[in-house]
Amino acid sequence: MNIFSMIYIVVIAFGIISKVSRQGRKYFCISSGIVYFLLAALRSSQVGGDSFNYRYMFETLAGKNMGMAWGYSEKDPVFYALLSVLGRVTDNYTVLFAIVAAFFGIAVWYYIYRYSDDPVLSVIVLLAFNLYQFSLTGMRQTIAMSFIVFAMIAINEEKKLLPYILIIISGLFHSSALVCLVIPILRHFPIKVNKIRSATIPLAFCFLFRENIAQLLVGFISERGYGVSISQSGYIMMLVIFVIYIMAAVFVKEYADFNENYHIQYWIAIGAVFFETLVTAQNIFFRIAFYFLLVFITLVPNVACRARNDATRRILTVGLYVVFSIQYLFYTVGSCYILPYTTFWQI
């Protein structure tokens, strides 16, 4: 058994036990957040598909002038400027990894603590949907995703301008995040319960015509050389997310009675399903899908916990624990080339 599987079992077991304590929620969020922060921060540059490349970039730009950093890449130059500034203090790549891990850990675990009815299930979703694993490889987008989470928090707090500011900052680290500028706008367009349920029909048509839609959207970034070709990759994740959306749509009435801003989360969930259908036509769309998938961290447990019938609530919660645990432990645990895991002092 690998280290991630062992830690997962311990963390989830502790989370379940801690539910009996009044302060259990707080203890679980803090302790699990620290554990997964340390895993990310102390890893070697061999853990994560792009980790070594980021180490090389950092060591190349460390101490160099800002002009060279800005010119290192025309895409997302702010990240490289950050490497230059940090490099004036140290060229130790573990410091860089720790900073990125802190961005992601603070944003996501604070989001879970504030808005999840079941933090344990939130962590399971985070892992099963490959969101955490990706944070160990795509460092520019990891920072971008962190700012998107803060933007979602600002939307929940009904801030007017802050969400847009945070999303623009996110786009400075990874330009793909700018697509999320649509999210704060959608809060002004309430969607009724019956429309949320019937949204599965147009989403199914999006899947049928995904090649045409992907071809149209890829045209906006043609300079990056992306093409469209139907493949077998991404189908399992797409199916899981589509089924989870259907589950959330079935119980939308109960959730709507609890959260008057429910429509924002469902709009984001619809976006996640839409972009996941496009992943099977062009894999690059997974980068955009990740931003929208973040909402499932709280939507899934909150919908499950708001089922009115006690028996339904228990069955739904246990079922989600089991299904997502199987998905993580047997399918996504080693995603993004994070196995075998080694620490910085081992390499």
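Draft legend 1. Broad picture of the packing of aromatic side chains. Going through the model one piece at a time under the given rule, you end up with 22 aromatic pairs. Look at Tyr8 and Tyr328: their rings are 4.9 Å apart centre to centre, the planes differ by 45 degrees, and that puts the pair in the tilted class. Taken together, the residues span a long stretch of sequence, with Tyr8 in helix 1 (residues 3–18) and Tyr328 in helix 20 (residues 310–332) at a distance of 320 residues. The exposure classification of Tyr8 matches that of Tyr328, with both residues buried. On the basis of an interplanar angle of 80 degrees and a centroid distance of 5.8 Å, the ring pair of Phe134 and Phe286 is categorised as edge-to-face. Of the two residues, Phe134 sits in helix 8 (residues 131–135) while Phe286 sits in helix 18 (residues 286–293), which places them 152 residues apart along the sequence. In textbook terms, an aromatic cluster arises when at least three aromatic residues are bridged by ring pairs, as seen for Tyr255, Phe258, Tyr262 and Tyr266. The ring of Tyr113 has Arg25 sitting right over it, with the charged end atom 5.6 Å from the ring centre. Looking at Arg43, its charged tip hangs above the ring of Phe97, at a distance of 4.1 Å from the centre.

Draft legend 2. Region of interest: the confidence of the model for the protein. With 95% of its residues at a pLDDT of at least 70, the protein reaches an overall mean of 90. When the elements of the protein are averaged for pLDDT, helix 4 (residues 66–71) gives the smallest value, 72, and helix 7 (residues 119–128) the largest, 98. Across residues 222–227 the pLDDT falls below 50, and counting only partners more than four positions away or on other chains, this stretch makes 7 contacts in the model.

Draft legend 3. Layout of the packing of helix 6 (residues 93–115) against helix 9 (residues 139–156). It is at 9 Å that the axes of helix 6 and helix 9 come closest, and there the two elements cross at 25 degrees. It follows that helix 6 is roughly parallel to helix 9 by the angle criterion. In terms of crossing hand, the pair formed by helix 6 and helix 9 is left-handed. On helix 9, the residues touching Leu96, Phe97, Val100, Phe103, Phe104, Ile106, Ala107, Val108, Tyr110, Tyr111 and Tyr115 of helix 6 are Met139, Thr142, Ile143, Met145, Ser146, Phe147, Val149, Phe150, Met152, Ile153 and Asn156. For the contact of helix 6 with helix 9, the per-class residue count stands at 19 nonpolar, 3 polar and no charged.

Draft legend 4. Seen up close, the pattern of salt bridges. Following the criterion strictly, the structure yields 7 salt bridges and no others. A salt bridge links Arg114 to Glu157; the shortest N-O distance between them is 3.2 Å. Placement of the pair is Arg114 in helix 6 and Glu157 in the loop between helix 9 and helix 10 (162–173), with a sequence separation of 43 residues. The exposure class assigned to Glu157 is partly exposed, which follows from its relative accessible area of 35%. With a shortest N-O distance of 2.2 Å, Asp310 and Arg313 are connected by a salt bridge.

Draft legend 5. Structural view of helix 13 (residues 200–208). When we look at burial in helix 13, the residues that qualify are Thr200, Leu203 and Cys206. Down the axis, helix 13 shows its buried residues gathered within 110 degrees of arc, on one side only. Exposed residues on helix 13 whose side chains face more than 90 degrees from its buried face are Ile201 and Leu208. Residues of helix 13 that are buried sit in contact with helix 12 (193–198), helix 14 (210–218), helix 15 (235–250) and helix 17 (262–279).

Draft legend 6. Here's a closer look at a nonpolar patch on the surface. Nonpolar side chains collect at one region of the surface, where Met1, Ile3, Met6, Ile9 and Leu339 lie side by side and expose about 460 Å² of accessible area between them. Relative to the helices and strands, Ile3 is located in helix 1.

Draft legend 7. Representation of unusual backbone geometry within the structure. Cis geometry is found at the peptide bond from Leu339 to Pro340, where omega equals 0 degrees. Along the chain, the position of Pro340 falls in the segment after helix 20. In this model, Glu158 sits at a positive phi of 60 degrees, which is unusual for a non-glycine residue. Even without glycine at this site, Tyr337 takes up a positive phi of about 60 degrees. Residue classification places Tyr337 among the exposed residues on the basis of a relative accessible area of 66%.

Draft legend 8. Summary view of the side chain of Ser32. Within the secondary structure, Ser32 is located in helix 2 (residues 24–41). Owing to a relative accessible area of 1%, Ser32 belongs among the buried residues under this scheme. At 2.7 Å, the side chain of Ser32 and the backbone oxygen of Phe28 are in polar contact. If sequence neighbours within four positions are ignored, Ser32 has contacts with Val11, Trp109 and Val123.

Procedures and definitions
Residues numbered from 1 in each chain as written. Predicted model: local features only at pLDDT ≥ 70, side-chain atom pairs only at ≥ 80, totals over all residues. Heavy atoms only, no water. Phe/Tyr/Trp six-rings, centres within 6.5 Å; stacked < 30°, edge-to-face > 60°. Helix = DSSP H or I, 4+ residues; strand = E, 2+ residues; numbered from the N terminus. Buried < 20%, exposed > 50% of the residue type's maximum accessible area, 1.4 Å probe, protein only. Lys NZ or Arg CZ within 6 Å of the ring centre and 35° of its normal. pLDDT = per-residue confidence, 0-100. Contact = heavy atoms within 4.5 Å. Axes fitted to C-alpha atoms, helices over the stretch in contact; angles between N-to-C directions. Parallel < 35°, antiparallel > 145°, perpendicular 65-115°, else oblique. Left-handed = near helix turned anticlockwise from the far one by under 90°. Nonpolar A, V, L, I, M, F, W, Y, C, P; charged D, E, K, R; others polar. Salt bridge = Lys/Arg side-chain N within 4 Å of Asp/Glu carboxyl O. Arc of directions from axis to C-beta. Patch = residues over 30% accessible without salt bridge, like charges linked within 9 Å, V, L, I, M, F, W, Y side chains within 5 Å. Areas by Shrake-Rupley, 256 points an atom, 1.4 Å probe, with all protein chains shown as cover. Polar contact = N/O pair within 3.5 Å; in protein donor to acceptor, adjacent residues only side chain to side chain.

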